[in-house]
Amino acid sequence: QVQVVESGGGLVQAGGSLRLSCAASGRTFSSRVMGWFRQAPGKEREFVAAISRTGGTTNYADSVKGRFTISRDNAKNTVYLQMNSLKPEDTAVYYCAATNGVVITPARGNYDYWGQGTQVTVSS
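Treat the numbers as computed from the prediction; the structure is a model and nothing was measured.

> What am I meant to see in the state of the cysteines here?
Simply put, disulfide is the name for a covalent bond between the sulfur atoms of two cysteines. Enumeration according to the criterion identifies one disulfide in this entry. Covalently, Cys22 is tied to Cys96 through a disulfide, its sulfur atoms 2.1 Å apart. On the sign convention where negative means left-handed, the S-S torsion of about -75 degrees between Cys22 and Cys96 marks this disulfide as left-handed. You can see Cys22 sitting in strand β3 (residues 18-24) and its partner Cys96 sitting in strand β9 (residues 92-98), a full 74 residues away along the chain. For the pair formed by Cys22 and Cys96, the shared burial category is buried.

> Teacher, can you tell me more about the pattern of salt bridges here?
Opposite charge on two side chains makes pairing possible when the charged atoms of those side chains draw close. Tallied over the entire structure, the rule returns five salt bridges. Where Glu46 meets Arg38, a salt bridge forms, and the shortest distance between an N and an O atom there is 2.7 Å. Glu46 sits in the partly exposed class, given a relative accessible area of 35%. One salt-bridge network, held together by shared partners, links Arg38, Glu46, Arg67 and Asp90.

> Just to check I follow, could you spell out the environment of Val4 for this structure?
Mapped onto the elements, Val4 comes out in strand β1 (residues 4-7). Judged by its relative accessible area of 7%, Val4 is buried. The spatial distance from the C-alpha of Val4 to the C-alpha of Ser21 is 9.9 Å, given a sequence separation of 17 residues. Val4 has contacts with Cys22, Ala23, Ala24, Met34, Cys96, Tyr113, Trp114 and Gly115, leaving out every residue within four places of it along the chain.

> Before we go on, may I ask you to explain the packing of aromatic side chains in this structure?
For any two aromatic rings, the description comes down to two numbers: the centre-to-centre distance and the angle of the planes. Per the stated rule, a full pass over the model turns up four aromatic pairs. When the ring of Phe37 is compared with that of Tyr111, the centres are 5.1 Å apart and the planes differ by 75 degrees; the resulting orientation is edge-to-face. Taken together, the residues Phe37 in strand β4 (residues 34-39) and Tyr111 in the loop between β9 and β10 (113-114) connect sequence positions 74 residues apart. Classification of Tyr111 as buried rests on a relative accessible area of 5%. A ring pair is formed by Tyr111 and Trp114, whose centres lie 6.3 Å apart and whose planes are at 65 degrees; its orientation type is edge-to-face. In textbook terms, an aromatic cluster arises when at least three aromatic residues are bridged by ring pairs, as seen for Phe37, Phe47, Tyr111 and Trp114. Between the NZ or CZ atom of Arg45 and the centre of the ring of Tyr95, over which it lies, the distance is 3.6 Å. Over the face of the ring belonging to Trp114 we find Arg45, whose NZ or CZ atom lies 5.0 Å from the ring centre.

> How do you make sense of the environment of Gln119 when you look at a structure like this?
In this fold, Gln119 is placed in strand β11 (residues 118-123). In this structure Gln119 comes out as partly exposed when scored by relative accessible area, which is 40%. Distance from Gln119 to Glu6, taken between C-alpha atoms, is 9.7 Å for residues 113 residues apart in sequence. Excluding residues within four positions of it along the chain, Gln119 makes contact with Gly9, Gly10, Thr91, Ala92 and Val93.

About the cut-offs
Residues numbered from 1 in each chain as written. Predicted model: local features only at pLDDT ≥ 70, side-chain atom pairs only at ≥ 80, totals over all residues. Heavy atoms only, no water. Disulfide = S-S within 2.5 Å. Helix = DSSP H or I, 4+ residues; strand = E, 2+ residues; numbered from the N terminus. Buried < 20%, exposed > 50% of the residue type's maximum accessible area, 1.4 Å probe, protein only. Salt bridge = Lys/Arg side-chain N within 4 Å of Asp/Glu carboxyl O. Contact = heavy atoms within 4.5 Å. Phe/Tyr/Trp six-rings, centres within 6.5 Å; stacked < 30°, edge-to-face > 60°. Lys NZ or Arg CZ within 6 Å of the ring centre and 35° of its normal.

In structure tokens:
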């Protein structure tokens with residue numbers, strides 16, 4: 001069993017930056033692909049970014065490419081999401097997720113463990 005806990009959300013003005021963190025329990029963190037998703041009110045949860053087990057490969061949704069950066073520190077069992085040039089449409093609850101698989105994937109159904117989410121609000 002893996003537990004993930006997000007932190008770092010908050011209120012920021014458009015054009016600003018935030019860094020989200022996701023701390024994961026257990027000794028298997030380095031063997032798991034990790035991902036970030038988000039869900040805005042009235043919308044489905046959508047893929048934001050994912051990172052391979054070593055951190056050498058990343059994948060981003062087109063809507064955040066060039067603005068967001070996912071990274072991980074396996075020594076600290078933590079994955080990060082650096083968000084720059086934030087826009088009001090980035091407002092959502094952001095979720096960290098871990099998969100039992102070894103292939104980097106944007107598919108929500110492939111992730112097995114989810115955090116409770118952290119709210120990000122971008123004002124115009």
